[in-house]
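# Breakdown of the fold
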Amino acid sequence: MKLIPSDFIWRNGELIPWADATIHALSHVVHYGSGVFEGIRAYPGDGGPNILGLTEHVRRLFESCRIIGLPLDYEPSLIEQAVVDTVRANKHETCYIRPFAFRGYGELGVDPTTSPVEMMIATFPWGALMGTEALEQGVDVAVSSWRRMAPSTHPAMAKASGNYLNSQLVVMEAKANGFAEGIVLDVDGYVAEGSGENIFVVRDDRVLTPPCGGSILAGVTRGYVLELARDAGIEVVEQRIAREMLYTCDELFFTGTAAEVTPVRSVDRRRVGSGKRGPITALLQRNYFDRVYGRVEDRSGWLTPVR
Ligand SMILES: Cc1ncc(COP(=O)(O)O)c(C=O)c1O
């Protein structure tokens, strides 16, 4: 999706013009992927935009920093406020929010510790990741020939820039072969996730998803959808999922800040269930949109109002 510039970007404590938020080509992150980031959405509400999952996303940002050893010298509450301030300054009704902490310009060598840490927050308009039609009709996907990184290689639980080389390979391969997205297996051949989404299988009215230790990013949306399923009285199980279950399940869907709740209608050209958005996917999707658009009470504090 093409970037539409906003007025301001928050950088190292102040709001600066969008066009000024540049970094040097020899910054450490450019060469070695030494950054961590978040993807957050703000949805339109009655009194202005509401930021979805702000506390959880900022918490994960700091956890990613701890995992990769990036000392981010701010209080999480300050970053939360900075996100709110940036959305407000840019006068968005709805937007995507990209906080990004990284190793900047200093020395060039693999060891990041001598390069300074910088932080920025950008906000900009963004629609449905795979198009609005995908939310109703579902998407066609394929199992990737790439594997998710093994637990002893890259820390999959960190939302670290360097990890996204794996995601890039997955999504490029999928699109080159005419699919909307790829499903990545872990090194043992079990289902992990999409290139930028978590995955859920529905079988016999139970909702199954891989556990957080299964080479996945612990998605904020994943947690919300598990909560919605439990609230609806649906049994949820976090367990290893064999590839075969992708071909035999009743329903399949992705979750993510960008993907929201996107049904999958085929895997490897094999129809999933009836080939349409299934009833449990439809229920969870409806309940998710009701919550994020503020149409029902925000019982567990998902939303942070900007105004
Ligand atoms: C690899 C990966 N998995 C899962 C997700 C979904 O996470 P969330 O629901 O927090 O957006 C994302 C998106 O951030 C991702 O990049």
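Model, not experiment: these values are computed from the prediction.

Moving on to the overall build of the protein chain. Secondary structure assignment for the protein chain yields eight helices and 17 strands. Over its C-alpha atoms the protein chain spans a radius of gyration of 19 Å, differing by no more than 12% from the 19 Å that the globule rule assigns to 307 residues. The dimensions of the protein chain, computed from C-alpha atoms along their principal axes, are 55 × 45 × 30 Å. Counting every position in the protein chain, which comprises 307 residues, the buried fraction comes to 51%. Sequence separation of at least 24 residues holds for 68% of the intrachain contacts in the protein chain that already meet a minimum separation of 6. Of the roughly 13,900 Å² of accessible surface on the protein chain, a fraction of 51% belongs to carbon and sulfur atoms. Distance between charge centres in the protein chain, computed from 31 positive and 38 negative side chains, equals 4 Å.

Turning our attention to the site of the ligand. Around the ligand, the structure places 16 residues, and the nearest of them are Lys159, Tyr164, Glu193, Thr221 and Thr257. Lys159 places a polar side-chain atom, nitrogen or oxygen, 2.7 Å from an oxygen atom of the ligand. The side chain of Tyr164 places a nitrogen or oxygen atom 2.5 Å from an oxygen atom of the ligand. Expressed as a share of its isolated accessible area of 380 Å², the protein-covered part of the ligand is 95%. Secondary structure elements with two or more residues in the shell around the ligand: α2 (54–68) and α6 (220–231). Grouping the amino acids of the shell around the ligand by side-chain chemistry returns three nonpolar, eight polar and five charged.

Here Asn90 shows up in the loop between α3 (76–89) and β6 (95–103). When sequence neighbours within four positions are dropped, the list of residues in contact with Asn90 reads Ser6, Asp7, Phe8 and Thr123.

Our focus in this paragraph is the pattern of salt bridges. Pairing of side chains with opposite charge becomes possible as their charged atoms draw close. The final tally for this structure, using the stated rule, is 16 salt bridges. Here Arg291 makes a salt bridge to Glu227, at a shortest N to O gap of 3.5 Å. Note that Arg291 is positioned in helix α8 (residues 279–292) and Glu227 in helix α6, a separation of 64 residues in sequence. Taking the shortest distance from any N to any O, the salt bridge between Asp231 and Arg299 comes out at 3.7 Å. Linking Asp231 in helix α6 with Arg299 in the loop between α8 and β17 (303–305), this pair joins segments that are 68 residues apart in sequence. Owing to a relative accessible area of 44%, Asp231 belongs among the partly exposed residues under this scheme. On the basis of relative accessibility, which here comes to 57%, the residue Arg299 falls in the exposed class. Each of the salt bridges in this network shares a partner with another, and the network as a whole consists of Arg222, Arg230 and Glu238.

The subject of this paragraph is the domain arrangement of the protein chain. Accessible area lost on assembly of the parts is the figure often given for the size of an interface. Under the domain assignment, the protein chain is made up of domain 1 (8–124) and domain 2 (132–292). In this assembly, domain 1 packs against domain 2 so that about 1,600 Å² is buried in total across both faces, 61% of it on carbon and sulfur atoms. The largest share of the area that domain 1 buries against domain 2 comes from Phe37, Tyr43 and Arg60, three residues that together contribute 36% of it. Along the contact surface separating domain 1 from domain 2 lie one salt bridge. Taking the shortest distance from any N to any O, the salt bridge between Arg41 and Glu260 comes out at 3.9 Å. Top contributing element to the side of domain 1 that touches domain 2 by residue count: α2, with six residues. Taken together, the residues of the side of domain 1 that touches domain 2 break down into nine nonpolar, six polar and four charged.

Attention now moves to the packing of aromatic side chains. Overall, the coordinates contain twelve aromatic pairs when judged by the stated rule. Ring centres 5.0 Å apart and planes at 5 degrees place the aromatic pair Phe200 and Phe253 in the stacked group. Of this pair, Phe200 sits in strand β11 (residues 198–203) while Phe253 sits in strand β14 (residues 251–256), and the two are 53 residues apart along the sequence. Comparing Phe200 with Phe253, the two get one shared label, buried. Residues Tyr288 and Trp302 carry aromatic rings whose centres are separated by 6.2 Å and whose planes lie at 45 degrees to one another, so their mutual orientation is tilted. Taken together, the residues Tyr288 in helix α8 and Trp302 in the loop between α8 and β17 connect sequence positions 14 residues apart. Joined through ring pairs, the aromatic side chains of Tyr43, Tyr224, Tyr288, Phe289, Tyr293 and Trp302 make up one cluster. In this arrangement the basic side chain of Arg270 is found over the ring face of Tyr247, its NZ or CZ atom lying 3.9 Å from the centre.

Thresholds applied
- Residues numbered from 1 in each chain as written.
- Predicted model: local features only at pLDDT ≥ 70, side-chain atom pairs only at ≥ 80, totals over all residues.
- Heavy atoms only, no water.
- Helix = DSSP H or I, 4+ residues; strand = E, 2+ residues; numbered from the N terminus.
- Rg over C-alpha atoms; globule rule 2.2 N^0.38 Å.
- Buried < 20%, exposed > 50% of the residue type's maximum accessible area, 1.4 Å probe, protein only.
- Contact = heavy atoms within 4.5 Å.
- Areas by Shrake-Rupley, 256 points an atom, 1.4 Å probe, with all protein chains shown as cover.
- Lys, Arg positive; Asp, Glu negative; His and termini not counted.
- Charge placed at Lys NZ, Arg CZ, Asp CG, Glu CD.
- Near = heavy atom within 4 Å.
- Polar contact = N/O pair within 3.5 Å; in protein donor to acceptor, adjacent residues only side chain to side chain.
- Nonpolar A, V, L, I, M, F, W, Y, C, P; charged D, E, K, R; others polar.
- Salt bridge = Lys/Arg side-chain N within 4 Å of Asp/Glu carboxyl O.
- Domains from an automatic or database assignment.
- Buried area = accessible area lost by both parts, 1.4 Å probe.
- Phe/Tyr/Trp six-rings, centres within 6.5 Å; stacked < 30°, edge-to-face > 60°.
- Lys NZ or Arg CZ within 6 Å of the ring centre and 35° of its normal.

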